[in-house]
Amino acid sequence: MKLPVTLKRVFGLARSNGGNPVKIDQISGWVKNVRPLKTITFVEIQDGTTLQDLNVVLKQGPPSFRPALGQSVTVLDPEIVQRKNQQFETICLPHNLRLVGATTEYPIQNKQTALPTLRKLPEFKHRTTYLSNLMRFRHKIESRLSKTLDELDFTLVKPPILTSIDCEGAGEMFKLKQDHWDKAVNLTVSSQLQLEVLMMGLGRVYCLQPCFRAEKSDTNRHLCEFWMMEVEASFIGKNETLMDLVELMIKNVVSSLCETEDLPKYFPVGCNNGVTERWAKLLQDWNRITYTKAVDLLLSSGVNFEHELTWGKDLNSEHERWLCDHFGGPVFVTNYPRDCKAFYMKLRQDNATVECFDLLFPDIGEIVGGSIREDNYDTLKAEIQRRNMDPNELEWYLNLRKEGTVPHGGFGIGIERLVSYLYGNPNIRDSIPFHRTTGQIDL
Ligand code: 4AD
């Protein structure tokens, strides 16, 4: 295989080589920092596979070019060594440092560029340490979430993106102009209903894919295109089982983040915005309260909320924030009134509330939404009709309740919200490579 060797691999070799140099043909990367001294110049390069720089000690002599931030370069015949201070270094003669691609007006400066500015530089922004680390972090989080499910016998499946159904019934769909089908087609808002079909054959399923919502909310926590990990499991009749699973999945993520190699490089002590303290808190017990209790607490709090709250109304973000502050950490709010939630949720015996939960995190609000699904054919059909939805459109979904129906449930984890919270960056636009919000579609 002719794949170029990566810095990550070379550093691994150098680390295990006990201070002796590792010789390779060449190594390439981008210039992240240049420090000229009197007789030598330090050129720090990275190739994106590790956070650590290769410190190229450029000897004096007429260089063929002037090293500068953002250039791509190749070092020929490097001998890479790990110094006592853990830094990786190679001594380089000027003719061994080759320019691959020059820069003209490289827009990313060494000092921290403000995030609103970076959002306007989508083609360059991932060259910053902060945002490239955020992508690496996202990868770790998604992998660890999947690992927990894989270990519990779930199968990763791929439901469609094009659909004719509005799973959540909220009318927030992006509709397609098309002449392939004789009915309205839109981009999926959630894969849950298809997952329920697959669950009936595979027992336990999950997916990780984009969802699309024509969100009017132009906030830090709403995107028009976001990623959800959706989980669906058979023979589960209680919210508690689902909440236990959510808690396990997220705590496993947090534990694995705590063990990240090079953690101080991601979050240097003193300027980590309390991220690692936040993780430690997440490893403690989480609170669970019913919606009714939450409303009681909010109404008796004495706080003059902007949005008036009465039993039956959905919680607003200010209410969610207050609840998390009150409990000092994550809160599961369960059993919402049926009219606050989607048609598919299991009706409880009181006929007024449904067997569901939202997981609220401090600052960011709802991270996960889930429920036990209504598995009784007649009850589900009556609910569909009560909401003036067309049962014919959902015939296949209702059929699941006729043939071997089982108690089951599932949930959806908003990936960007979880990533943002864990990374300590309040704007979820930075947790997806190229955000889609109102007016933002280029790149
Ligand atoms: O609560 P939601 O709407 O739940 C569902 O769609 C269920 N069908 C999931 C399931 O049970 N399979 O969305 C789930 C999560 C929210 O908690 C939130 O984290 C995220 O998806 N989410 C968004 N994230 C970013 N931008 C948006 N516009 C979002 N809407 C929901």
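Higher on the page you've got the structure.
Summary of the structure given here. (Residues numbered from 1 in each chain as written. Predicted model: local features only at pLDDT ≥ 70, side-chain atom pairs only at ≥ 80, totals over all residues. Heavy atoms only, no water.)

### Some details on the packing of helix H7 (residues 275-282) against helix H12 (residues 415-423)
Put simply, the rule reads: Each axis is a line fitted through C-alpha atoms, and for a helix only the stretch in contact is used; angles between axes span 0 to 180 degrees, taken between their N-to-C directions. Elements are defined by DSSP. Helices are runs of H or I of four residues or more, strands are runs of E of two residues or more, and each kind is numbered from the N terminus. Contacts are residue-level and defined by heavy atoms, with any inter-residue pair within 4.5 Å sufficient. Residue polarity follows a fixed list, in which Ala, Val, Leu, Ile, Met, Phe, Trp, Tyr, Cys and Pro are nonpolar, Asp, Glu, Lys and Arg are charged, and the others, Gly among them, are polar.
H12 packs onto H7 with a crossing angle of 115° between their chain directions and a minimal axis gap of 8 Å. For the pair formed by H7 and H12, the contact residues are Val275, Arg278, Trp279 and Leu282 on the first element and Tyr421, Leu422 and Tyr423 on the second. Tallied by class, the residues present in the contact of H7 with H12 amount to six nonpolar, no polar and one charged.

### Notes on the sheet that holds strand S16 (residues 331-334)
Under the convention used in this document: What makes two strands pair is DSSP finding at least two bridges between them.
Pairing is mixed across the open sheet formed by eight strands, whose spatial order is S9-S13-S14-S19-S18-S17-S16-S15. Taken across any chain shown, the strands that pair with only one partner, and hence form the sheet edges, are strand S9 (155-156) and strand S15 (287-290). Examined bridge by bridge, strand S14 (residues 225-234) and strand S19 (residues 408-414) share seven bridges and lie antiparallel to one another. Residue pairing for S19: Val231 is matched across the bridge by Phe411.

### Topic: the pattern of salt bridges
Filter applied, for reference: A pairing counts as a salt bridge when a side-chain nitrogen of Lys or Arg comes within 4 Å of a carboxyl oxygen of Asp or Glu. Partly exposed describes any residue whose relative accessible area lies between the buried limit of under 20% and the exposed limit of over 50%, with all areas from a 1.4 Å probe on protein chains only and scaled to the type maximum.
Going through the model one piece at a time under the given rule, you end up with 24 salt bridges. For Asp363, the salt bridge goes to Arg278, with nearest N and O atoms at 3.4 Å. Taken together, the residues Asp363 in the loop between strand S17 (356-361) and strand S18 (365-372) and Arg278 in helix H7 connect sequence positions 85 residues apart. Overall, the relative accessible area of 52% leaves Asp363 in the exposed class. Within the structure, one salt-bridge network assembled from shared partners comprises Arg338, Asp339, Glu383, Arg386 and Arg387.

### Thoughts on the site of the ligand
Going by this rule: Each residue is tested against the molecule or strand, and it is near if at least one of its non-hydrogen atoms lies within 4 Å. Here a polar contact means two N or O atoms within 3.5 Å. Within protein one must be a hydrogen donor candidate and the other an acceptor candidate, and residues neighboring in sequence count only if both atoms are side-chain atoms. Per-residue accessibility takes into account occlusion by the displayed protein chains alone, with areas from the Shrake-Rupley method and a 1.4 Å probe.
Lining the immediate environment of the ligand, one finds 23 residues, of which Glu168, Arg213, Glu230, Glu366 and Ile367 sit closest. In the model, a nitrogen atom of the ligand is placed 2.8 Å from a nitrogen or oxygen of the Gln192 side chain. Protein chains shield 94% of the accessible area of the ligand, which is 630 Å² for the free molecule. Taken together, the residues of the shell around the ligand break down into eight nonpolar, seven polar and eight charged.

### Topic: the sheet that holds strand S12 (residues 185-187)
Overall, antiparallel pairing links the three strands, which are arranged S10-S12-S11 in an open sheet. Bordering the open sheet on either side are strand S10 (162-163) and strand S11 (175-176), each of which pairs with just one other strand. Examined bridge by bridge, S11 and S12 share two bridges and lie antiparallel to one another. Across the sheet, the residue bridging to Lys175 is Asn186, located in S12.

Function cannot be read off these values alone, since they describe shape.
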